[in-house]
Amino acid sequence: MKTIKNLFFIIIGSIMIIFSLKLLIIDGSNEYAKIIGGICFGMVFIYPSLKRDSKTTSEIFVEKEDLEIPNWWKRLIGFIIDYIIILIIYSITLYLILQVYEVRLNKLFNSNLIIIPFYVFYYFIQEYIFNTSIGKSIFKLRVVSAIKGDKPTLTQIIIRSFTRLLPIDLFFFFTKRPIGLHDIVSKTVVLIKD
Amino acid sequence: MKKVLVVLMSVFGFFLLIYLTVPYLINYGLQKKTNNQNQNNELKEILKNLTEFEEILEKTQVIEFLNKDNLYENYSHNYTIKIPENFKQNNGVGKYSSTQFYNEDLGYVVAINVGKTNLGYSIDRYKNNDIIKKLSDEIINDKTLAKIFEETIIERGFNNPKLVGNKAVNYNNRMFLKLNFEANRIVNSEENPVLIAMFMTYYKDFAYIFQFVSYQKESLEKWNMEIQKSMSNVIISKYIIKKQTNPNPKVH
């Protein structure tokens, strides 16, 4: 029964992904929000079904070391704080560009695209150097490599920073064991500092 | 201390990168926007020209029709119709009416009446098509409408007209309300049965009525074919006007 249920979710997820890819490749649609949304939700359906039988490196690491994972709300609040800081930096930069070049950059390009470098850079620089971010440091959280149990490597931090851009990332926190997609993909874990 | 220095250097590098790339981004964005605007303007221009194109098409279609043989062209009310061969023409009475074609031997009549609608607004082809479809449905539900149409048949000198069928039909992208009547006409104190096929349409502030009268019940199929031939050559257009002749030809 469980296998049928899993299979059903995998089929639904695959259909969503196939339709999104069809929209993008065959139809040449520019409804990117719809396409990304379709792929992400497709993955949401597929991932848990496959995940039941196999554990990720981050989960194995947490179980093996018997580590305490921070509550989802701590990470959510941390994320909101970080996001507000990013927004402030982003807005100030856009304001300065407007003053210097007399052009509103967010009118020329999609705002969601312009904010990406700020978002990636903000997390990258802090997590690589300090293994934490301003939002995380409030709850004394730090990023640890699930492979070595030590500081994450440059590659892991780069993967973390870019995987964060997927909107689906947020859904991973509403599970029994809140480990984000960016944690799983980059094989890192966020822990409470000793 | 070293870490703080690295962060400061990175932040400086990041904003330096922004400072250097922004002019290129602005150029690219402005160019893209200009291209999009040009495309939009082109689209607007195309849409504007589409109306002109539609008019050219109509004109071409009309010229094509006018080149056909045996077409009756009415320039005062801008229409054409094909009249069966060997029909004589006479003009009826009335302000806006009317032209009548008849065949004495067979007793067929094609009568064309054009009358003002008095609606106070002009009716284009699309509006006409809409009105005709609605009228066609209304006649089925509202018997008083049938009576009104029957009255017009009585006015034309027929007795006991009865509306036996109605349909919205399309000729050359124009809808006509087709009404079939059975009536009588008294000739030498004898009542002769008559079949009338009436086609009604609206153009600008006029109602056009094409009436096909048959005094014989036999050879009805042939007559119906003639009706189809005539109606399929009915065109109402502002381009059906008298050919202009140059009053002052240039002398070379």
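Since the structure is predicted, the reported quantities are computational estimates derived from the model, not experimental observations.

Reading the values: rules and limits
- Residues numbered from 1 in each chain as written.
- Chains lettered and ligands numbered in written order.
- Predicted model: local features only at pLDDT ≥ 70, side-chain atom pairs only at ≥ 80, totals over all residues.
- Buried ≥ 20, exposed ≤ 12 C-beta atoms within 10 Å, placed from the backbone.
- Helix = DSSP H or I, 4+ residues; strand = E, 2+ residues; numbered from the N terminus.
- Pairing = 2+ DSSP bridges.
- Core = buried A, V, L, I, M, F, W, Y, C linked by C-beta atoms within 7 Å.
- Contact = placed C-beta atoms within 7 Å.
- pLDDT = per-residue confidence, 0-100.
- Nonpolar A, V, L, I, M, F, W, Y, C, P; charged D, E, K, R; others polar.

Residue and element names in this part refer to chain B. Counting buried residues in strand E9 (residues 206–214) gives eight out of nine residues, a clear majority hidden from the surface. As judged from the nine bridges shared by strand E5 (residues 108–116) and E9, these two strands associate in the antiparallel manner. Counted as the bridge partner of Tyr108 is Ser214 from E9. Between strand E8 (residues 190–203) and E9, which pair antiparallel and follow one another directly, the connecting turn spans two residues, one of which, Lys204, has a positive phi of 55°.

Next up on the list: the nonpolar core. Among the nonpolar cores identified, the biggest contains 37 residues, and Tyr79(B), Phe181(B), Ile196(B), Met198(B), Tyr208(B) and Phe210(B) are the most heavily contacted of them. For this core, the elements supplying multiple residues, two or more each, are strand E2 (79–82), E5, helix H2 (125–141), strand E7 (174–187), E8, E9 and strand E10 (235–236) of chain B. For this core, the element with the highest residue contribution is E8(B), accounting for seven residues. Aside from chain neighbours lying at most four places away, what touches Ile196(B) is Ile153(B), Phe181(B), Ala183(B), Gln211(B) and Val213(B). Grouped together as the second largest cluster of nonpolar side chains are 13 residues, Leu141(A), Val144(A), Ala146(A) and Leu191(A) included.

As a further point, take the confidence of the model for chain A. Close reading of the predicted structure is inappropriate where its pLDDT is low. Of the residues in chain A, 93% reach a pLDDT of 70 or more, and the chain-wide mean stands at 84. Across chain A, helix H7 (residues 134–138) of chain A holds the top mean pLDDT of 92, while helix H2 (residues 32–51) of chain A sits lowest at 78.

Taken together, the contact pairs 11 residues of chain A with 12 residues of chain B. Among the elements of the structure, helix H4 (72–101), helix H5 (105–108) and helix H6 (111–129) of chain A are those that each provide at least two residues to the side of chain A that touches chain B. For the side of chain A that touches chain B, the per-class residue count stands at 10 nonpolar, one polar and no charged.

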